Amino acid sequence: MKCQYLFLLIIGLFLSILPSFASYEEPIYDHSAYTECKSVPEDALYNGGIMKDYRTNENKVIRSETNSYNFVLNNLSGDTIYSFSSWIRILDADSAVMKASLKTDDGTVKCVGNVIARPGCWSFLKGGFVLDLPSSYGLLYLQRSDGEKLNISISGVSLQPFTYQQWKKNQQDAIDKGRKCTAIIHISDVQGERVPGASIIIEQLSRDFPFGSAITKTILGNPAYQTWFKERFNAAVFEDELKWYSTENQQGVVNYTIPDQMLEFVRKNQIITRGHNIFWEDPRYIPSWVQNLTGPDLKSAVTSRIQSLMNKYKNEFIHWDVDNEMLHYDFYERRLGINTSLEFFQTAQQLDPLAKLFMNDYNVVETCYDMNSTVDAYISKLRDLKQGGIFMDGIGLEGHFTVPNPPLIRAVLDKLATLKLPIWLTEVDISKNLDKETQARYLEMVLREGFSHPGVNGIMLWTGLHSNGCYQMCLTDNDFHNLPAGDIVDNLLKEWQTGVVHGETDEHGSFSFSGFLGEYKINVNFGNRTTNSTFSLYRGDDTRHLNIHL
């Protein structure tokens, strides 16, 4: 009887704790994304998530007398990240941008995502939102960006919640998989006999992942700035010094003295550097004398600019931002014809064939309110260039954030990653309208999203230091004492680098460790024998095997 009672007590205890075990089952983030318009929509992600009862895989036709369609959401959790996706087909004759927004019970409206919907095929909208506080009632609604009445079909609707801990775990899993590699060190003597018990010390010398910042001419002749920079960063970009208004402020007076001196600094310290930029479409940043030119005179000026710059700096820069912010502005195309941007890329490709050519623009990843720079608009422009014979080498996303939206950032990166091109966050900062602690907190969000995403190949901060501060966000004060954002950067750099590894070979003469991609040095010692060597961990290596003779 006592045994039976004890058995029932154990079963009852097990059942009472079972839900807590179930709660540890983590949802795995689904990076699936689609940029092509499909004849048949795919199934809903996460089987619809918390919207699985909304006929997620059926074609629902919306012919509305109003300009929006609402999904009613009850009891949304706070401290939660929501990933949203849906397939949309427009039933009108012309394409239109569809945007998704969320209105919570306190009247707050959040941008969720957007997509260019087309007639006759299905487009994939992917985005999301973050709720810090719970909302008993919410409306997730679809609208046309032009405000016209809806005439659409929707399918595959999904809304998947993640706790902050679950979201961060997915980030860490992606980092462990994509930014690190496992290595097995095999130690033997010259006869090939295993050497168990050998002492091993491994130290990372350099990082494979490019992480850098803008620099300005104030770094010249400033040893403190130079030391601070080279101790942290392996990549750089000149904030203004290569731009047309800096190198030729007066017509015919070309001066490359400052960028030459800045190049000496980055060369000396083996820092890779982006070329920013050849042209800038925003009229506010075009030299005033250029704005006064038309026709053949303007054509002559732009030809002289690109040939002068690229002949001067051929093979110096890893990338060129060829025609900056061409989604938002079109100064040159309006004056020289619709193929002008294409001609800029063609010329750049001919003059510096080893450099990668980038599109570079803002508000692609920062928000979904800017209809000029939707992710689909960016992709469409890339495809236009490809049709003109330009096979783009890279995707540049500026990243000037106010309040980051992590699931939107990830969703945009997911869609762009389908193009199989290197993605760089090229000008990351946080608005100066926020206090420095908030800047730092938001910066960490953005950097973790960028570093953990498998499609991102590099990150550049837009934190070049001037005598009067920085564009939006500084990492230090003028004496190079860290501000809160600087502490975040230093902490992440430390987190994303392998510390010194100490170990000893096992009975098989082997030692294994997992390290971030990059260059390493290794010291092996056994008795009175010692050896030093270097090796690399690089992407695509499932397990790196190294054989070292002692």
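Residues numbered from 1 in each chain as written. Predicted model: local features only at pLDDT ≥ 70, side-chain atom pairs only at ≥ 80, totals over all residues. Heavy atoms only, no water.

1. Some remarks on unusual backbone geometry
Phase 1: Cis geometry marks the peptide bond from His276 to Asn277, where omega comes out at -15°.
Phase 2: Residue position: Asn277 is located in strand S13 (residues 272-280).
Phase 3: One non-glycine residue, Gln270, adopts positive backbone phi at about 55°.
Phase 4: With respect to the helices and strands, Gln270 occurs in the loop between helix H5 (257-268) and S13.
Phase 5: Phi is positive for Phe480, which is not a glycine, with a value near 65°.
Phase 6: Along the chain, Phe480 falls in the loop between strand S19 (456-461) and helix H13 (484-495).
Phase 7: Phe480 sits in the buried class, given a relative accessible area of 16%. (Helix = DSSP H or I, 4+ residues; strand = E, 2+ residues; numbered from the N terminus. Buried < 20%, exposed > 50% of the residue type's maximum accessible area, 1.4 Å probe, protein only.)

2. A short note on the sheet that holds strand S8 (residues 151-163)
Phase 1: Spatial strand order, S1-S8-S3-S6: four strands in an open sheet with antiparallel pairing. Edge positions in the sheet fall to strand S1 (60-63) and strand S6 (123-131), since each of these pairs with one other strand and no more. Adjacent strand axes in the sheet meet at a mean angle of 35° when their direction is disregarded.
Phase 2: Here S1 runs beside S8; their pairing, made up of four bridges, is antiparallel. Residue pairing across strands places Lys60 opposite Ile154, the latter belonging to S8.
Phase 3: This element, helix H2 (residues 164-178), spans strand S3 (80-90), S6 and S8 of the sheet and lies at about 95° to S8.
Phase 4: In the packing of helix H11 (residues 406-417) onto the sheet, contacts are made with S3 and S6, and the angle to S6 comes to roughly 155°. (Pairing = 2+ DSSP bridges. Axes fitted to C-alpha atoms, helices over the stretch in contact; angles between N-to-C directions. Contact = heavy atoms within 4.5 Å.)

3. Examining the state of the cysteines
Phase 1: Counted by the stated rule, this structure contains three disulfides.
Phase 2: Paired through a disulfide, Cys111 and Cys368 show a sulfur-sulfur distance of 1.6 Å. Of this pair, Cys111 sits in strand S5 (residues 109-117) while Cys368 sits in the loop between strand S15 (356-361) and helix H10 (375-387), placing them 257 residues apart in sequence. The two residues Cys111 and Cys368 agree in class, both being buried.
Phase 3: Covalently, Cys470 is tied to Cys474 through a disulfide, its sulfur atoms 2.0 Å apart. Taking the sign of the torsion about the S-S bond as the criterion, the disulfide between Cys470 and Cys474, at about 110°, is right-handed.
Phase 4: Residue classification places Cys474 among the buried residues on the basis of a relative accessible area of 15%.
Phase 5: Each bonded cysteine of the protein chain is numbered by sequence order, and under that numbering the disulfide pairs are 1-3, 2-4, 5-6. (Disulfide = S-S within 2.5 Å.)

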